[in-house]
Amino acid sequence: GIRTVSGTVDGPNGLLVFELGAERVASLGLRGLSLAVVGVYGVVSYAASQRTREIGIRMAFGARPPEIFRMMYRRTGWVLVAGMSVGLALSSALARLSAGFLVGVKPLDPLTFVTVTAGGALVGGGGDRLRRGVGRGVAEVLRGQGTAGG
């Protein structure tokens, strides 16, 4: 029979199926991104909490907080740069493979790549945990009562 355009588009074989699939894939992507962000934050926080005693000793010998921040970020930075480089390379390769599934969207969208990378750098920096460790008193840190994690 004869059907209208809107009936065809909204019907069981129309665009509705693709829209629902796209929403599910986007939801899974956001969940995966959230899980990755929480994982990176946890690893960086744990690494900072493991170095709390070292931070206290350095502060006892006269290191100032900016020097400690530079030291910690220099060590953490290399890991972040390596991880983000591998992640960008893999994601661009996978984006090229999935280009056939995308309709009206560029697989290598620069805004998406820049936003996700900047967000990863902000979360991966773990600055709040490091500031907590540096903000404690030297005696408190060396007694073991002050940790960067809590």
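Look a little higher up for the structure.
Residues numbered from 1 in each chain as written. Predicted model: local features only at pLDDT ≥ 70, side-chain atom pairs only at ≥ 80, totals over all residues. Heavy atoms only, no water.

Quick look at the overall build of the protein chain
Phase 1: Assigned secondary structure in the protein chain consists of 7 helices and 0 strands.
Phase 2: The linear arrangement of helices and strands in the protein chain, starting from the amino end, is α-α-α-α-α-α-α.
Phase 3: Looking at the protein chain as a whole, 19% of its 150 residues qualify as buried.
Phase 4: With the model as given, the accessible surface of the protein chain reaches about 10,500 Å², and the carbon-plus-sulfur share is 68%. (Helix = DSSP H or I, 4+ residues; strand = E, 2+ residues; numbered from the N terminus. Buried < 20%, exposed > 50% of the residue type's maximum accessible area, 1.4 Å probe, protein only. Areas by Shrake-Rupley, 256 points an atom, 1.4 Å probe, with all protein chains shown as cover.)

What about a nonpolar patch on the surface?
Phase 1: Taken together, the side chains of Leu30, Leu33, Val37 and Val116 present a nonpolar region at the surface, about 320 Å² in accessible area.
Phase 2: Considering every element that reaches the nonpolar patch, the biggest residue donor is helix α2 (residues 15-50), with 3 residues.
Phase 3: Examined against the element boundaries, Leu30 turns out to sit in helix α2. (Patch = residues over 30% accessible without salt bridge, like charges linked within 9 Å, V, L, I, M, F, W, Y side chains within 5 Å. Salt bridge = Lys/Arg side-chain N within 4 Å of Asp/Glu carboxyl O.)

A few points about the layout of surface pockets
Phase 1: If you add up the space inside the largest pocket, you get close to 1,600 Å³.
Phase 2: Those elements giving two or more residues to the lining of the largest pocket turn out to be α2, α4 (65-97) and α5 (110-124).
Phase 3: Element by element, the count of residues in the lining of the largest pocket is highest for α2, at 13 residues.
Phase 4: For the lining of the largest pocket, the per-class residue count stands at 24 nonpolar, 13 polar and 2 charged. (1 Å grid on protein atoms, 1.4 Å probe; cavity = no way out; pocket = protein on both sides within 12 Å on 5 of 7 lines; lining within 4 Å. Points joined across faces, edges and corners; volume = space filled by probe spheres on them. Nonpolar A, V, L, I, M, F, W, Y, C, P; charged D, E, K, R; others polar.)

Things to note about the environment of Val79
Phase 1: Locating Val79 in the fold gives a position in helix α4.
Phase 2: The exposure class assigned to Val79 is exposed, which follows from its relative accessible area of 60%.
Phase 3: Taking the C-alpha atoms as reference points, Val79 and Val44, separated by 35 residues in sequence, lie 9.9 Å from one another.

Details of the nonpolar core
Phase 1: Core analysis: the largest hydrophobic core is formed by 5 residues, namely Ile55, Met59, Ile68, Met71 and Met72.
Phase 2: Counting only elements with at least two residues in this core, the list comes to α3 (52-60) and α4. (Core = buried A, V, L, I, M, F, W, Y, C linked by side-chain atoms within 4.5 Å.)

A few points about the packing of α3 against α4
Phase 1: Axis separation between α3 and α4 bottoms out at 11 Å; the angle between their running directions is 145°. Crossing of α3 over α4 shows right-handed handedness. Taking contact as the criterion, the partners of Glu54, Ile55, Arg58 and Met59 in α3 are, on α4, Ile68, Met71 and Arg75.
Phase 2: Classifying every residue of the contact of α3 with α4 gives 4 nonpolar, no polar and 3 charged. (Axes fitted to C-alpha atoms, helices over the stretch in contact; angles between N-to-C directions. Left-handed = near helix turned anticlockwise from the far one by under 90°. Contact = heavy atoms within 4.5 Å.)

So, the side chain of Ser92
Phase 1: Relative to the assigned elements, Ser92 resides in helix α4.
Phase 2: Classification of Ser92 by relative accessible area gives buried; the value is 17%.
Phase 3: Among residues more than four places away in sequence, those in contact with Ser92 are Leu108 and Phe113.

Brief notes about the pattern of salt bridges
Phase 1: Under the defined criterion, the tally for this structure stands at 2 salt bridges.
Phase 2: Between Glu54 and Arg58 there is a salt bridge whose closest N-O contact spans 3.0 Å. One end of the pair, Glu54, and the other, Arg58, are both in helix α3, 4 residues apart, so they sit about a helical turn from each other.
Phase 3: Among the residues examined, Glu54 registers a relative accessible area of 24% and is labelled partly exposed.
Phase 4: Notably, a salt bridge pairs Arg64 with Glu67, separated by 3.7 Å at the nearest N-O pair.
Phase 5: We classify Arg64 as exposed; its relative accessible area is 51%.
Phase 6: With a relative accessible area of 32%, Glu67 lands in the partly exposed category.

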